[in-house]
Amino acid sequence: MASAIQMPAPVCLIENSPRKGLVVQQEALQVLSEISQPVVVVGIAGLYRTGKSYLMNRLAGQRKGFSMGSSVQAHTKGIWMWCVPHPCRPGHTLVLLDSEGLGDVKKGDTKNDTWIFVLTVLLSSTLIYNSKGSIDQQALEQLYYVMRLTERIKVKAAPEESEDGLEEAGQLVPFFPTFVWAVRDFTLQLEKDGKEICEDEYLEDALELEPGDSPETQRCNQPRECILRSFPHRKCFIFDQPASRSELVRLEELQDDELNQDFQQQVEKFCRHIWEKSPPKSIPHGRILTGNLLGKLAETYVEAIESGSVPCLESAVLALAEMENAAAVKEAVTLYQNLMKQRAKLPTETVEELLELHRQCDQEALELFHKRAFEEGMCRFQAELTRQVEEVKEKFCRGNEEASRAKCEDALRELFQDMERRLGDGDYNVAGGFQLFQTDLLALVKNYREVPGKGVKAAAVLQEFLQRLKFLASVILTVDQSLKEKEEELKRVQEQYKRAEQKQKKLKMILTALSVLFAVVSVIIAF
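Residues numbered from 1 in each chain as written. Predicted model: local features only at pLDDT ≥ 70, side-chain atom pairs only at ≥ 80, totals over all residues. Heavy atoms only, no water.

Colleague: How do you make sense of the packing of helix α9 (residues 291-306) against helix α10 (residues 313-343) when you look at a structure like this?
Modeller: The geometry of a pair of packed helices is captured by two quantities: the angle between their axes and the separation between those axes. Orientation of α9 relative to α10, taken along the N-to-C sense of each, is 135°, at an axis distance of 10 Å. Regarding the angle of α9 to α10, the classification is oblique. Viewed along their axes, α9 and α10 form a crossing whose handedness is right-handed. Seen from α9, the contacting residues are Leu-293, Lys-296, Leu-297, Thr-300 and Tyr-301; seen from α10, they are Leu-313, Ala-316, Ala-319, Leu-320, Met-323 and Glu-324. Per-class residue counts for the contact of α9 with α10 are eight nonpolar, one polar and two charged. (Axes fitted to C-alpha atoms, helices over the stretch in contact; angles between N-to-C directions. Helix = DSSP H or I, 4+ residues; strand = E, 2+ residues; numbered from the N terminus. Parallel < 35°, antiparallel > 145°, perpendicular 65-115°, else oblique. Left-handed = near helix turned anticlockwise from the far one by under 90°. Contact = heavy atoms within 4.5 Å. Nonpolar A, V, L, I, M, F, W, Y, C, P; charged D, E, K, R; others polar.)

As structure tokens, this is what we get:
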């Protein structure tokens, strides 16, 4: 489930340090890295001491948070960030960026101020430009001055040549936020030609080009053309003074009933619009950013600025795509590995069974990759995903074979125990022992084949086992044949002995008969 975060107070996202320059703060990056939800990024910019921080605190649903001051000294340095659950978009995080005010005369070097404004524009999905009084030529020129800073930004690493900068400026629009002009301490009547007009009509009237082509007219129209071109989606809000001058020093402490009622309603209307209408932060091709990606984007932009090069939006997107696609590959491979571990009951009966499981898990991993990966460089990273998944698959195939081998060897070891005992008892060391051995071995093979779940190495392990027994079988056969030969020799000797004994008996009978005959003859002669 996508993670949300609740920060108790803002932290500095980009420090504007006189010694170090612009530095992305690790604490803020850590916070963003933990936000896997889409982010709606609302940034505010404008002259210092115009009450920007008060509006941002109200957008956070708080009265205190972003630093506010009651003097003419600017309080916010760099860009500060406050991440809160989005009040109107479940599953989204609202990221509020309060930027350092422009025009602080106490600063000797305002170079980084300009970059702070550019970064606020590039990181926001909605930009609030905060000014005081009214939208007149001076206000337009103040905004135009900082908008010209975007000329420092390149869209493409190698842009095509064009006759003017309009094509390049038009290409910036997909990277730019929606625009809200907040006019503070507004005292004029919203009327035109005696008719009441709304705030948006007031803004569009202020941006209407002056007719004519004189140098003076062209100069007056330059701010209008720049704003119209850069921000096709525009909105305006006016605010009365919130309280009396003496009460402004403790504005964040004032309760609702102590505020100017018109101001209170205007703030509620403003917050409701920002909450309901501000889009999630995205980059070209409609890719919506998470907090983690927003942090990486901030790092990429600041690194380009601090290296002295011109920020290139295409390069930033490509760098972001490179990091995210690499992370997508890692996440997809991890998913594939975990799915295989969960679903594969090793050993499988067949290789095809494991390969079918591989195809299922590979498809789910590929779907996750496509869901997270950027289009830029996707083919290259998908090829890398395929390579890594193939490596993991091969490990599972080896593991499947090893598990099968272990189970088969255990089964044979257990089945062989009875034959091993008979070997020890010498049951096979008799004439006819080889036949007995063969009978027992055939019974073992039959029982082995009936053992379930042996896996893909069942036949190979049995073959190896029988191969190892060949020598033992040959020894038993030799002993058996030797015993049979000796037994036959013994029989021959016994038969010879028996025949000799029979001959001896016959001889004795003959001798006895002769003795009797001699005796008879002797008697006869005597008579």
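Colleague: Would you mind going over empty space enclosed by the protein with me for this structure?
Modeller: Gaps between atoms show up when a probe of the same size as a water molecule is rolled over them. Under the definition given, this model contains one cavity of 30 Å³ or more. The volume enclosed by the largest cavity comes to roughly 50 Å³. Around the largest cavity, the lining residues are Leu-122, Phe-175, Lys-281, Ser-282, Ile-283, Leu-297, Tyr-301, Leu-313 and Val-317. Secondary-structure elements contributing two or more residues to the lining of the largest cavity are β11 (282-283), α9 and α10. When the residues that make up the lining of the largest cavity are grouped by side-chain class, the tally is seven nonpolar, one polar and one charged. (1 Å grid on protein atoms, 1.4 Å probe; cavity = no way out; pocket = protein on both sides within 12 Å on 5 of 7 lines; lining within 4 Å. Points joined across faces, edges and corners; volume = space filled by probe spheres on them.)

Colleague: Help me out: how do you make sense of the confidence of the model for the protein in this one?
Modeller: Any residue range with low pLDDT should be treated as having predicted coordinates unsuitable for detailed reading. Here the protein averages 86 in pLDDT, while 90% of its residues score no lower than 70. Here residues 69-75 is a poorly scored stretch, pLDDT under 50, and it has 14 contacts once near neighbours within four places are set aside; other chains count. This stretch, residues 161-167, has a pLDDT under 50; its non-local contacts, to residues over four places away or in other chains, come to two contacts. (pLDDT = per-residue confidence, 0-100.)

Colleague: Sorry, what's going on with the packing of aromatic side chains here?
Modeller: Working definition: an aromatic ring pair is given by the centre-to-centre distance plus the angle between the planes. Going through the model one piece at a time under the given rule, you end up with twelve aromatic pairs. Judged by centre distance (6.1 Å) and plane angle (80°), the rings of Phe-179 and Trp-181 are edge-to-face. Of the two residues, Phe-179 and Trp-181, neither departs from the other in class, the shared state being buried. Judged by centre distance (5.4 Å) and plane angle (90°), the rings of Tyr-428 and Phe-437 are edge-to-face. A relative accessible area of 0% means that Phe-437 is categorised as buried. Through a chain of ring-to-ring contacts, three or more aromatic side chains come together here, namely Tyr-54, Phe-237, Phe-239, Phe-263 and Phe-270. Across the ring face of Tyr-448, the terminal group of Lys-454 is positioned such that the distance to the ring centre comes to 5.2 Å. (Phe/Tyr/Trp six-rings, centres within 6.5 Å; stacked < 30°, edge-to-face > 60°. Buried < 20%, exposed > 50% of the residue type's maximum accessible area, 1.4 Å probe, protein only. Lys NZ or Arg CZ within 6 Å of the ring centre and 35° of its normal.)

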